[in-house]
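Tertiary structure, described
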Amino acid sequence: MCLRLLLVSACVFTVARAEMFTAVAHMRGLAQLEGDLLQGFKEYIAAEEQRVQDLKKFASEVESAQAVVRATSVHEYLNDPINSVLLINRFYQGWKKLSEIVYRDNSIELMANISLNDYQMPMGEDYKGAYAALRRLQDTYDLKPDQVSDGQLGGLKMTASDCYDAGRESFLANEWRHTRHWMLEALNKSIQDEEQAKDVDLVDIYDHLAYAEYKMGNIRKAIQYSRDLLQNEPGHARTESNVAYFEEELIKNPDSYNNYVDEDYREMTDEHARYEELCRRADPVSQKQHRKYICFYYNNHRNPRLLLTPAKVEIANLKPRVWMLRNVLSESEMNQLKELAGPKLNRATARNYATGQFEPVHYRISKSAWLGSDDDPQGYVKRIDQRIEDITNLDMSTAEQLQVCNYGIGGHYEPHYDFARKDEDAFTGLGSGNRIATVLFYMSDVTMGGATVFPNVGARIPPGNGDAAFWWNLKRSGEGDYSTRHAGCPVLVGTKWGKVLLDFLCLPLYSIDC
């Protein structure tokens with residue numbers, strides 16, 4: 001039995017049908033498709049406008065002729081042979097052929113194009129997943145709806161209707177706090193802009209607000225929003241019934257009227273709270289500790305392949321010891337890996353430790369592809385394997401294939417271990433032992449978010465294009481190092497690529513040159 005030695009990972013952003021929200025790379029094609037459809041839609045609108053112009057022109061001609069008839073008489077009008085000829089002409093060339101204009105279908109080409117590309121379009125799962133990702137980003141980075149909807153992240157501004165959709169999806173997901181926030185944002189935008197108010201139903205907004213406040217235990221506000229609804233639509237039967245019910249609840253428990261409800265409270269574990277805190281900002285490092293965070297060139301005892309291009313190493317954390325390998329990948333290597341991975345990207349999985357099987361999970365939103373030497377005739381994968389072996393002394397001949405990942409909208413990977421713990425199957429299904437070490441490559445800069453964090457020790461590593469993080473998962477005794485529990489924070493703005501490589505080494509463990 002071999003001991004799994006190294007875990008190396010690569011992550012990208014891509015999206016495939018039914019799971020577009022799990023990766024951004026595939027969504028690039030979706031943006032291009034929308035541009036193509038928009039062009040066809042504009043052509044359809046132009047054709048419709050021309051059709052309307054043709055109808056208006058004919059109506060104008062008929063109106064001019066009828067004005068003359070009204071000014072004189074039918075008899076006098078028809079005494080003029082030209083008027084008679086033109087009357088016959090209007091019926092033959094106009095009224096009889098009017099149906100051709102009225103029933104002219106300019107939508108055939110547009111609808112055919114939409115149908116042809118239907119396989120590329122998002123589905124219900126993508127729609128729900130996108131809004132779930134938005135809520136995750138809000139929670140992780142403590143963002144209020146107005147910060148998101150007003151374009152403060154650099155994107156488009158959201159309309160009242162957009163905010164309503166976000167609130168509605170939160171409602172369907174039983175996310176009452178988010179329902180409240182987004183419905184209030186929709187309400188505010190509709191009040192500020194009369195045009196936007198036409199696209200939303202105030203009664204519907206108040207209805208959602210009342211129910212969300214009720215579910216959060218805020219009876220006073222539930223009654224308030226219900227009454228606001230009745231002002232806009234008196235006699236709304238269900239709301240009148242709700243108000244009666246709420247008031248009955250207050251009679252049973254009058255103290256509940258003044259109950260304080262923390263509208264931003266979320267139930268979470270201490271670890272998850274720490275994880276989110278680290279995603280937002282790093283812990284400060286004391287001046288005494290800071291001196292130990294050194295950087296140096298490393299040629300691994302004058303390894304011939306590292307003499308001219310030694311590894312640029314930086315100590316990024318002390319416990320667990322995390323080494324950053326700066327600029328360890330070239331642009332051409334990263335581009336090649338992304339190109340090879342694109343067609344093979346599928347929903348990333350995590351290991352179910354009860355069954356030992358790998359399966360999609362809500363706490364890991366990304367897509368991944370596995371690359372071996374056979375997938376890369378130009379030899380990029382083999383070259384990277386050799387570089388890892390040169391720097392770490394790990395034997396790549398027993399390594400698993402390179403795993404390339406692409407995170408989706410709000411893509412993340414919640415706190416986890418890379419190694420199997422004592423009560424868990426140590427990857428016997430893969431024909432290997434436990435994972436000794438991890439090498440995590442970053443193949444893109446990320447504008448905001450996307451850090452790798454270690455909640456147990458307060459470490460935070462921001463992604464850097466071409467860099468790699470290296471740490472040991474197991475101690476020399478073979479026991480797991482529990483300080484290595486780590487997580488991938490959601491990407492807020494930008495794109496994050498990475499890759500993971502798994503390597504195995506046969507026992508005994510002491511044969512490893514650390």
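How each quantity is defined
- Residues numbered from 1 in each chain as written.
- Predicted model: local features only at pLDDT ≥ 70, side-chain atom pairs only at ≥ 80, totals over all residues.
- Heavy atoms only, no water.
- Helix = DSSP H or I, 4+ residues; strand = E, 2+ residues; numbered from the N terminus.
- Expected span 1.5 Å × (residues − 1).
- Contact = heavy atoms within 4.5 Å.
- Polar contact = N/O pair within 3.5 Å; in protein donor to acceptor, adjacent residues only side chain to side chain.
- Pairing = 2+ DSSP bridges.
- Axes fitted to C-alpha atoms, helices over the stretch in contact; angles between N-to-C directions.
- Salt bridge = Lys/Arg side-chain N within 4 Å of Asp/Glu carboxyl O.
- Buried < 20%, exposed > 50% of the residue type's maximum accessible area, 1.4 Å probe, protein only.
- Disulfide = S-S within 2.5 Å.
- Phe/Tyr/Trp six-rings, centres within 6.5 Å; stacked < 30°, edge-to-face > 60°.

This part covers helix H11 (residues 202–215). Helix length check: H11, at 14 residues, gives a terminal C-alpha distance of 20 Å against a target of 20 Å (1.5 Å per residue), a fit within 8%. Buried-residue contacts for H11 involve helix H8 (160–172), helix H9 (176–192), helix H12 (219–232) and helix H13 (237–252). One side-chain oxygen at the N-terminal end of H11 lies 3.0 Å from the backbone nitrogen of Val203; it belongs to Asp201. Directly beyond the C-terminal end of H11, a positive phi value near 90° is found at Gly217.

The next subject is the sheet that holds strand E14 (residues 459–461). Strand order in the open sheet formed by 4 strands is E10-E16-E13-E14, with antiparallel pairing between adjacent strands. Looking at the sheet topology across the chains shown, the edges are occupied by strand E10 (413–416) and E14. Taken over all neighbouring pairs, the strand axes of this sheet differ in orientation by 15° on average, direction set aside. Across 3 bridges, the pairing between strand E13 (residues 452–454) and E14 is antiparallel. Note that in E14 the partner of Phe454 across the bridge is Ala459.

Here we take up the pattern of salt bridges. Oppositely charged side chains may form a pair once their charged atoms are brought near each other. In the structure shown here, the tally under the stated rule is 24 salt bridges. With a shortest N-O distance of 2.8 Å, Glu247 and Arg227 are connected by a salt bridge. Taken as a pair, Glu247 in helix H13 and Arg227 in helix H12 lie far apart in primary sequence, 20 residues in all. What makes Glu247 partly exposed here is its relative accessible area of 32%. The exposure class assigned to Arg227 is partly exposed, which follows from its relative accessible area of 45%. Glu333 serves as the salt-bridge partner of Arg387, at 2.7 Å between the closest nitrogen and oxygen. Of this pair, Arg387 sits in helix H17 (residues 380–392) while Glu333 is found in helix H16 (residues 331–341), placing the two residues 54 residues apart along the sequence. Residue Arg387 is classed as partly exposed on the basis of its relative accessible area, which comes to 22%. Accessibility expressed as a relative area gives 2% for Glu333, which makes it buried.

Next up on the list: the state of the cysteines. Throughout the structure, instances matching the rule amount to 1 disulfide. Residue pairing for Cys279: its cysteine sulfur links by disulfide to Cys489, the two sulfurs lying 2.0 Å apart. Because the torsion about its S-S bond is -90°, the bridge between Cys279 and Cys489 counts as left-handed. Pair noted here: Cys279 is in helix H14 (residues 270–280) and Cys489 is in the loop between strand E16 (486–488) and strand E17 (491–494), with a separation of 210 residues, a long-range link. For the residue pair Cys279 and Cys489, the accessibility class agrees, reading buried in each case.

On to the packing of aromatic side chains, then. One pass over the full model with this rule turns up 18 aromatic pairs. An angle of 80° between the planes, with centres 5.3 Å apart, marks the rings of Tyr417 and Tyr482 as edge-to-face. With Tyr417 in the loop between E10 and strand E11 (437–441) and Tyr482 in the loop between strand E15 (468–472) and E16, this residue pair connects regions lying 65 residues apart in the sequence. According to the relative accessible area criterion, Tyr417 is buried, its value standing at 12%. Between Phe419 and Tyr482, the aromatic rings sit 5.6 Å apart at their centres with planes inclined by 90°, giving edge-to-face as the arrangement.

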